[in-house]
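Take a look at the letters that make up each chain.
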Amino acid sequence: MDKYVDIFSELMLFLVVAVIFLIVLSIVMMLFLKNFKVDEKKIKLYGLFLNMDNKSLIAFSALSINYLFLVWCMASFNDINVIYVFFTYLLVFISDVVRKNFPKGFINMILCGVNCLFIHIVYIIHSYLVEQYQNPILIVVLVLSLIFIFMYYTYNLFRSLNDVVLQNKYLMDRKKYKV
C-alpha cells in the first residue's frame with residue numbers, strides 16, 4: 001500500500017511541476033506576444049492555434065502533457081511503473097482517438113512503449129551509479145543518454161504536433177508544413 005502512496009505523491013509532485021511550467025510558459029508567451037499585433041500575418045505561433053477545433057486542442061494538450069510527464073520522469077530518475085505506463089498510454093490514446101488517427105495510432109502506441117523503455121534504462125543506469133559503482137565513463141553515458149532521450153522526446157512531440165496542426169481545415173498549403 002505504501003508503494004501506491006509513494007506513486008501518487010510523485011504524481012502530485014508532477015502536477016505541481018506541470019502547473020508551475022504552464023504558468024511560466026504563459027508569462028513568457030505574454031511577454032513575447034505583447035510586442036506584436038495579433039492581427040498581423042507575421043505571428044505564426046498565434047496562427048497555429050487560430051481556428052483550431054476543440055478536438056485538435058484536446059489532442060495538442062494531451063501530447064504536451066505526455067511530453068512534460070515523460071521529461072519529468074526522466075529528469076527525476078523515477079522507475080517506470082504500471083500507473084505511469086497507463087497514464088502515458090492514456091494520453092497518447094486520447095490524442096489518437098480524438099484526432100481519428102487510427103493508422104498512425106498503432107505506431108504511436110509502439111513509440112509510447114519505447115518512451116517507457118527509455119525511462120527504465122535511465123533509471124537502471126542511475127541506480128547503478130548511485131548504489132554500486134561510480135565510474136566517470138558511466139556518468140558520461142548517463143548524461144549522453146539523457147540528452148539523446150530528451151531530443152528524441154522533443155522530436156516525437158513536434159512530429160505529433162505537426163500531425164495535429166496539419167489536420168486544421170483552415171491551413172491553406174498543407175504540403176508546405178509537412179515534416
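Just so you know, these numbers come straight off a predicted model, no measurement behind them.

### A look at the overall build of the protein chain
Counting its regular elements, the protein chain contains seven helices and zero strands. For the protein chain, the residues scored as buried account for 34% of the 179 residues in total. Here the analysis covers contacts within the protein chain between residues at least 6 apart in sequence; of these, 67% occur between residues at least 24 apart. Element-wise, carbon and sulfur atoms account for 73% of the exposed surface of the protein chain, whose accessible area totals about 12,200 Å².

### A look at the packing of helix 5 (residues 102-131) against helix 6 (residues 136-166)
Where helix 5 contacts helix 6, the axes come no closer than 10 Å and their chain directions differ by 160°. Accordingly, the angle class assigned to the pair helix 5 and helix 6 is roughly antiparallel. As helix 5 packs across helix 6, the resulting crossing turns out to be left-handed. Split by residue class, the contact of helix 5 with helix 6 holds 17 nonpolar, five polar and three charged.

### Details of the nonpolar core
The tendency in soluble globular proteins is for nonpolar side chains to be buried as a group. Counting residues in hydrophobic clusters, the biggest one holds 33 residues, and the most contacted among them are Phe-69, Tyr-84 and Tyr-153. Elements with a contribution of two residues or more to this core: helix 1 (2-33), helix 3 (54-75), helix 5 and helix 6. If you tally residues by element for this core, the top one is helix 3, at eleven residues. Discounting residues that sit within four places of it in the chain, Phe-69 has contacts with Leu-11, Phe-14, Tyr-84, Phe-87 and Thr-88.

### Comments concerning the pattern of salt bridges
Considering all chains together, one arrives at two salt bridges under this definition. Here Asp-96 makes a salt bridge to Arg-99, at a shortest N to O gap of 3.2 Å. Taken together, the positions of Asp-96 and Arg-99, both in helix 4 (residues 82-99) and three residues apart, correspond to about one turn of that helix. Note on Asp-96: relative accessible area 5%, which makes it buried. One salt bridge connects Asp-163 with Lys-104, and the closest N-O pair in it is separated by 3.4 Å. Taken together, the residues Asp-163 in helix 6 and Lys-104 in helix 5 connect sequence positions 59 residues apart. Exposure remark for Asp-163: the relative accessible area of 14% places this residue in the buried category. On the basis of relative accessibility, which here comes to 35%, the residue Lys-104 falls in the partly exposed class.

### Quick look at a nonpolar patch on the surface
A cluster of nonpolar side chains, namely Met-12, Leu-15, Val-19, Ile-23, Ile-27, Met-30 and Leu-31, defines an oily patch on the protein surface of about 680 Å² accessible area. Considering the arrangement of structural elements, one finds Leu-31 in helix 1.

### Some points on helix 5
Spanning 30 residues, helix 5 covers 44 Å between terminal C-alpha atoms, matching the ideal 44 Å at 1.5 Å per step. Among the residues making up helix 5, those that are buried are Gly-105, Asn-108, Cys-112, Asn-115, Cys-116, Phe-118, Ile-119, Val-122, Ile-125, Ser-127 and Leu-129. Where helix 5 is buried, its residues contact helix 3, helix 4 and helix 6.

### Re the side chain of Arg-99
On the basis of relative accessibility, which here comes to 7%, the residue Arg-99 falls in the buried class. When residues no more than four places from it in sequence are discounted, the contact partners of Arg-99 are Ala-59, Asn-108, Ser-160, Asp-163, Val-164 and Gln-167.

### What to know about unusual backbone geometry
What you tend to see is this: most non-glycine residues have negative phi, and most peptide bonds are trans. Even without a glycine there, the phi angle at Phe-77 is positive, about 55°. Considering the arrangement of structural elements, one finds Phe-77 in the loop between helix 3 and helix 4. Phi is positive for Lys-100, which is not a glycine, with a value near 55°. Of note, Lys-100 is situated in the loop between helix 4 and helix 5.

Rules of the game
Residues numbered from 1 in each chain as written. Predicted model: local features only at pLDDT ≥ 70, side-chain atom pairs only at ≥ 80, totals over all residues. Heavy atoms only, no water. Helix = DSSP H or I, 4+ residues; strand = E, 2+ residues; numbered from the N terminus. Buried < 20%, exposed > 50% of the residue type's maximum accessible area, 1.4 Å probe, protein only. Contact = heavy atoms within 4.5 Å. Areas by Shrake-Rupley, 256 points an atom, 1.4 Å probe, with all protein chains shown as cover. Axes fitted to C-alpha atoms, helices over the stretch in contact; angles between N-to-C directions. Parallel < 35°, antiparallel > 145°, perpendicular 65-115°, else oblique. Left-handed = near helix turned anticlockwise from the far one by under 90°. Nonpolar A, V, L, I, M, F, W, Y, C, P; charged D, E, K, R; others polar. Core = buried A, V, L, I, M, F, W, Y, C linked by side-chain atoms within 4.5 Å. Salt bridge = Lys/Arg side-chain N within 4 Å of Asp/Glu carboxyl O. Patch = residues over 30% accessible without salt bridge, like charges linked within 9 Å, V, L, I, M, F, W, Y side chains within 5 Å. Expected span 1.5 Å × (residues − 1).

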